[in-house]
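A structural walkthrough
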Amino acid sequence: MRKLTAALLIAAALPLMGQTAPAPLDPMASDKAASYDWVRPQADYIRREVMVPMRDGTKLFTVIVMRKGTMGGPMLLSRTPYNATAATSRNRSQAIEEILPVMDAPFVNDGYIRVYQDIRGMHKSKGDYVMTRPLRGPLNQTKVDHATDAYDTIDWLVKNVPESNGRVATIGSSYLGFTTLMSLIDPHPALKAAVPQSPMVDGWMGDDWFHNGAFRTFGFDFALGQMVEKGGGSVPMGTGDEYVSYLKAGSSAGYARRWGIENLPVVRKMMEHPAYDEYWQEQAVDKLLAKRKLTVPTLVMLGQWDQEDSYGAPAVFKAVKAAQPDAPIMLGIGPWRHSGANYEGSVLGPLKFEGDTALQFRLNWIKPFIDCRVKSDAKPCAPMPAAVTYATGSNRWEVDAKWPAGSEQPLYLTDQFGLSFTRPAQAGADDYVSDPAKPVPFLPRPIRMDGDQWRTWLVQDQRFTDGRPDVLSYVTPVLDKPVHIKGAPRVDLHASTSGQDSDWVVKLIDVGPEENSANPAMAGFQLGVGIEIFRGRYVHGFNKPMPLSPGQTYRFGWSLPHVNHVFQPGHRIMVQVQSSLYPLYDRNPQTWVPSIFDAPASAYKKATQTVRWGGSDASAVWLPVVAD
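The sections below set out a description of the structure shown in this document. Note that the coordinates shown come from a computational prediction; the quantities given were computed from them, not determined experimentally. (Residues numbered from 1 in each chain as written. Predicted model: local features only at pLDDT ≥ 70, side-chain atom pairs only at ≥ 80, totals over all residues. Heavy atoms only, no water.)

The next point concerns the overall build of the protein chain. Scanning the protein chain from N- to C-terminus turns up 15 helices and 27 strands. By the compact-globule yardstick of 25 Å for 628 residues, the protein chain fits well, its C-alpha radius of gyration being 28 Å. For the protein chain, restricting intrachain contacts to residue pairs at least 6 apart in sequence, the fraction spanning at least 24 positions comes to 75%. Accessible surface for the protein chain amounts to roughly 26300 Å². Of this, 54% is attributable to carbon and sulfur atoms. With 65 positive and 64 negative side-chain charges, the protein chain shows a separation of 5 Å between the mean positions of the two kinds. (Helix = DSSP H or I, 4+ residues; strand = E, 2+ residues; numbered from the N terminus. Rg over C-alpha atoms; globule rule 2.2 N^0.38 Å. Contact = heavy atoms within 4.5 Å. Areas by Shrake-Rupley, 256 points an atom, 1.4 Å probe, with all protein chains shown as cover. Lys, Arg positive; Asp, Glu negative; His and termini not counted. Charge placed at Lys NZ, Arg CZ, Asp CG, Glu CD.)

What follows is the structure, encoded as structure tokens:
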């Protein structure tokens, strides 16, 4: 028995005896390794990296992810400047739900193939990068743009991903919302649905760079962070109060020079085009889409408190519907910040909602909208409503057959700083002094335009400005019945200035009851329902900047963001008027200069601002009211 056991042990060792053990490493051998494949054999997914050729020969880096065993899967495509590698490696995990963004889980768990692509000139893709590259035409004399790149990418995918069913949907938020919209221009036949979220649509009218002519200074950080390969990031001003940092620099051009970014191409382009000229008009995606028939069903959406791109989604919906009333497009608005639909949505700053509203919308609207159009075994698509929106103040989802759903009713400014739905017969006016040396901050100081402070500034309690001598606050009596609005409140402001230019900021505010034992933190809370600015020099047209005549009353008109909100009984409605929102928007010098970017220090002067009410100059905010 002992002999048999020894023989078996020798036999088992024979295969090992034939192997040569690796030679011991020299202690000074380099410890650097060329590569490591972090996707291990036990991963529950397949992850491919490919270079997809465009029609001009440029190759774009593309990552394709799917659960193992996927066959006949539809493809969900996002084209991004923010790094396709990072988007598909949220965690270095062997579980597909862990490597992809949270919003992707319902799709890849249902047989979808997820595709992320670095856009032209960014990260691992080849070619030149141009910020929101214009469509082929007056501004772009090449043969390629985001529309052609989307077409060529989809064409390659349907021919080279054997696990797919040949159907594609595009989706993405912010810049990715812009590329999603561009995929709708001359779309590939395999593109069956699109979900642009918080899209960049018109950088001058109301998205990232300007709002109604007023420049948004945070664009400097974006430019330095995205466009610079070495040394890029935020402007290196330190961690102090940005209110002070911008004031020290003077004008916006002075700020750019102070930090050595005045010659960045994208900064130069913005400063060389302060008015709404052809440079901006030719890039406006809502105008581009209105010139074409929309053939791909589209769900365009945003957050009600979108701090970056509140303009684009409703503008696209409005423009397309005006040109094509039966267009397959619907609008979604949720109680979120910028891109908030892709994260947890039960709270926003101090606001709490009924459950995770973002997850609700993803599961109940986004996924069914895409499923029925791209899945091989899909059920017929449900009819598309005009809008699906969340009624803040009542905390419920609502569906509407038209948008805006409300009918305009004027809420007039009155004497004694009141508001009334009845037009005052008596005329009057209120004054304040706007001092560019002491602009009204858009947040309580110290200000940092990043992190949660930036993401939630639109739901900041507005009591920090109420009562300032350079802010006028008008308020209704306590409401005895709800006031429900659905649409974009419209400002009709009759005002004058003692200067030659002026900014006007109007805030529509929901004022909570002074006592709230159930939620003491919200007692007396002044919630901004809509906040927007207008640069006075554009009163005659956004492409026609002109000085204002001192003392002359002008009628300034603009819209606040689209909302679905209920002012509840026991609350009050407030309207605030001021002339700065700093440093989010650059200061208006209040004297005439051809370009505010280059205003010298001597140009910044105090001005008396006069807001008129009643009579023939009855200032009002027109509310899109619905009857509940």
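Tallied over the full model, the rule gives one disulfide. Shown here is the disulfide that connects C372 with C381, its sulfur atoms set 2.0 Å apart. On the sign convention where negative is left-handed, the bridge of C372 and C381, at about 100° about the S-S bond, is right-handed. (Disulfide = S-S within 2.5 Å.)

We now examine the pairing of strand 1 (residues 45-53). In this sheet, strand 2 (residues 59-67) lies alongside strand 1 in antiparallel orientation, the contact comprising nine bridges. Looking at strand 2, one finds that R48 is bridged to I64. In this antiparallel pair of consecutive strands, strand 1 and strand 2, the connection spans five residues, and G57 shows a positive phi of 95°. (Pairing = 2+ DSSP bridges.)

By the criterion of burial, strand 3 (residues 73-80) is predominantly enclosed, with eight of the eight residues buried. Bridge count between strand 3 and strand 4 (residues 113-118): six bridges; the pairing is parallel. Bridge pairing in strand 4 links M75 to I113. (Buried < 20%, exposed > 50% of the residue type's maximum accessible area, 1.4 Å probe, protein only.)

Attention shifts here to the packing of aromatic side chains. Throughout the structure, instances matching the rule amount to 32 aromatic pairs. Judged by centre distance (5.3 Å) and plane angle (45°), the rings of F417 and Y474 are tilted. In this pair, F417 sits in the loop between strand 15 (407-414) and strand 16 (418-420) while Y474 sits in strand 18 (residues 472-475), placing the two residues 57 residues apart along the sequence. A cation over an aromatic ring shows up here: R373 above the ring of F369, its NZ or CZ 4.4 Å from the ring centre. Across from the ring centre of Y604, 4.1 Å away, lies the NZ or CZ of R587, which sits over that ring. (Phe/Tyr/Trp six-rings, centres within 6.5 Å; stacked < 30°, edge-to-face > 60°. Lys NZ or Arg CZ within 6 Å of the ring centre and 35° of its normal.)

Our next topic: unusual backbone geometry. In this structure, P446 follows R445 across a cis peptide bond, with omega equal to 0°. By secondary structure assignment, the location of P446 is in the loop between strand 17 (428-434) and helix 15 (451-455). Of note, the bond from Y582 into P583 is cis; its omega dihedral lies within 30 degrees of zero at 0°. Within the secondary structure layout, P583 lies in the loop between strand 25 (572-578) and strand 26 (607-613). The backbone phi angle of S174 is positive, close to 65°, even though this residue is not glycine. Within the element layout of this structure, S174 appears in the loop between strand 5 (164-173) and helix 6 (175-182). With a phi angle near 65°, S339 is a residue other than glycine that sits in the positive phi range. Take S339: it is sitting in the loop between strand 10 (329-334) and strand 11 (347-348).

This part is about the layout of surface pockets. Any space left empty among the atoms is revealed by the rolling of a water-sized probe across them. Approximately 1300 Å³ is the volume found for the largest pocket. Along its surface, the largest pocket is lined by 46 residues, and Y82, S174, L176, F222 and Y343 are the ones closest to its centre. Counting only elements with at least two residues in the lining of the largest pocket, the list comes to strand 3, helix 2 (84-87), strand 4, strand 5, helix 7 (219-227) and helix 15. Per-element accounting of the lining of the largest pocket gives the leading share, five residues, to helix 7. Here the lining of the largest pocket is built from residues that sort into 20 nonpolar, 17 polar and nine charged. If you trace the second largest pocket, you find 31 residues lining it, with Y311, K318, A488, S559 and H562 closest to the centre. Looking at the lining of the second largest pocket, the elements that each hand over two or more residues are helix 12 (285-290), helix 13 (312-323), strand 22 (526-535) and strand 23 (554-559). No other element matches helix 13, which puts five residues into the lining of the second largest pocket. Residue composition of the lining of the second largest pocket, by class: 15 nonpolar, nine polar and seven charged. (1 Å grid on protein atoms, 1.4 Å probe; cavity = no way out; pocket = protein on both sides within 12 Å on 5 of 7 lines; lining within 4 Å. Points joined across faces, edges and corners; volume = space filled by probe spheres on them. Nonpolar A, V, L, I, M, F, W, Y, C, P; charged D, E, K, R; others polar.)

This brings us to the sheet that holds strand 6 (residues 191-197). One open sheet holds the 10 strands; their spatial order is 1-2-4-3-5-6-9-10-13-14, and the pairing between them is mixed. Each edge of the sheet is formed by a strand with only one pairing partner; in this case those strands are strand 1 and strand 14 (396-400). Sheet twist, expressed as the average angle between the axes of neighbouring strands with direction ignored, equals 20°. Relative to strand 6, strand 5 runs parallel, the two being bridged by six bridges. Across the sheet, A169 pairs through a bridge with A193, a residue of strand 6. Most of the contacts of helix 6 go to strand 5, to which it runs at about 135°, and overall it touches strand 3, strand 5 and strand 6. Along the sheet, helix 14 (residues 357-374) makes contact with strand 3, strand 5, strand 6, strand 9 (298-303), strand 10, strand 13 (387-391) and strand 14, crossing strand 6 at roughly 160°. (Axes fitted to C-alpha atoms, helices over the stretch in contact; angles between N-to-C directions.)

Within the fold, D461 resides in the loop between helix 15 and strand 18. The buried category is assigned to D461, whose relative accessible area is 14%. A polar atom in the side chain of D461 sits 2.6 Å from the side chain of R463. Within polar-contact distance, the side chain of D461 engages the backbone nitrogen of Q526 at 3.1 Å. The residues touching D461, leaving out its near neighbours within four places in the chain, are F525 and Q526. (Polar contact = N/O pair within 3.5 Å; in protein donor to acceptor, adjacent residues only side chain to side chain.)

Glancing now at the side chain of E163. If you trace the backbone, E163 turns up in the loop between helix 5 (146-160) and strand 5. Given the relative accessible area of 10%, E163 is considered buried. A polar contact is formed between the side chain of E163 and the side chain of R48, at a distance of 2.3 Å. Residues in contact with E163, not counting those within four places in the same chain, are R48, M66, T70, M71, G72, G73 and I113.

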